[in-house]
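# Examination of the molecular architecture
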Amino acid sequence: QVQLVESGGGLVQPGGSLRLSCAASGRSVRFYDMSWYRQAPGKERELVATITSAGGSTNYADAVKGRFTISRDNAKNIVYLQMNSLNPEDTAVYYCKMFTGAYNYWGQGTQVTVSS
């Protein structure tokens, strides 16, 4: 079975940084598109960043461009989301997703709170 486990969330001050991790089992992150989503209170879940299986191309939501970076470590089978210059609008539960071409697999999420 495919399992995705997020970690690295927490409470940070505005302007601070966090690195989220998504540890995968059952499938290799090398062979599938991996994405980070987030869902803030009262809002719909939104796509934050994606890294593709072919060539490692990345794309980002406009709200996080220049501040967030998605990457992967194929040896460790982990996908990361480096978040810099955080602001209160980044507060949300962050979810990792794997798309195998036939099915979407989701992690349980990790809470990120940005507050002074």
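Cut-offs and rules
Residues numbered from 1 in each chain as written. Predicted model: local features only at pLDDT ≥ 70, side-chain atom pairs only at ≥ 80, totals over all residues. Heavy atoms only, no water. Helix = DSSP H or I, 4+ residues; strand = E, 2+ residues; numbered from the N terminus. Contact = heavy atoms within 4.5 Å. Areas by Shrake-Rupley, 256 points an atom, 1.4 Å probe, with all protein chains shown as cover. Disulfide = S-S within 2.5 Å. Buried < 20%, exposed > 50% of the residue type's maximum accessible area, 1.4 Å probe, protein only. Pairing = 2+ DSSP bridges. Axes fitted to C-alpha atoms, helices over the stretch in contact; angles between N-to-C directions.

### Quick look at the overall build of the chain
Looking only at helices and strands, the chain features zero helices and 11 strands. Along the chain, helices and strands appear, N-terminal first, in the series β-β-β-β-β-β-β-β-β-β-β. A separation threshold of at least 6 residues defines the contact pool for the chain, and within that pool the share at least 24 residues apart is 53%. By element, 45% of the accessible surface of the chain is carried by carbon and sulfur atoms, the whole surface being about 6,200 Å².

### A short note on the state of the cysteines
Summed over the entire model, instances satisfying the criterion amount to one disulfide. Sulfur-sulfur distance for the disulfide between Cys22 and Cys96 comes to 2.0 Å. Taking the sign of the S-S torsion, -75° for the link of Cys22 and Cys96, the bridge is left-handed. With Cys22 in strand β3 (residues 18-25) and Cys96 in strand β9 (residues 92-99), the pair connects residues that are 74 residues apart, well separated along the chain. Comparing Cys22 with Cys96, the two get one shared label, buried.

### Focus: the sheet that holds strand β7 (residues 68-73)
Backbone hydrogen bonds are what pair the strands of a sheet, in a parallel or an antiparallel way. Read across the open sheet, the four strands follow the order β1-β3-β8-β7; overall the sheet is antiparallel. Two strands lie at the open edges of the sheet, namely β1 (3-7) and β7, each paired on one side alone. The sheet shows a mean angle of 15° between the axes of neighbouring strands, taken without regard to direction. The sheet contact formed by β3 and strand β8 (residues 78-83) spans six bridges and is antiparallel. Residue pairing for β8: Arg19 is matched across the bridge by Gln82.

### Notes on unusual backbone geometry
The residue Asn77 is not glycine, and still its phi comes out positive at about 60°. Of note, Asn77 is situated in the loop between β7 and β8. For Asn77, a relative accessible area of 13% puts it in the buried group. Although it is not a glycine, Ser85 adopts a positive phi angle of roughly 50°. With respect to the element layout, Ser85 can be found in the loop between β8 and β9. Given the relative accessible area of 45%, Ser85 is considered partly exposed.

### Quick word on the pairing of β9
The element β9 is extensively covered by neighbouring structure, given that seven of its eight residues are classed as buried. Here strand β4 (residues 33-39) pairs with β9 via seven bridges, running antiparallel. Counted as the bridge partner of Ser35 is Lys97 from β9. Bridging between β9 and strand β11 (residues 110-114) involves three bridges; their strand directions are antiparallel. Across the sheet, Ala92 pairs through a bridge with Val112, a residue of β11. Here β9 runs beside strand β10 (residues 104-106); their pairing, made up of three bridges, is antiparallel. Across the sheet, residue Phe99 finds its bridge partner in β10, namely Asn104.

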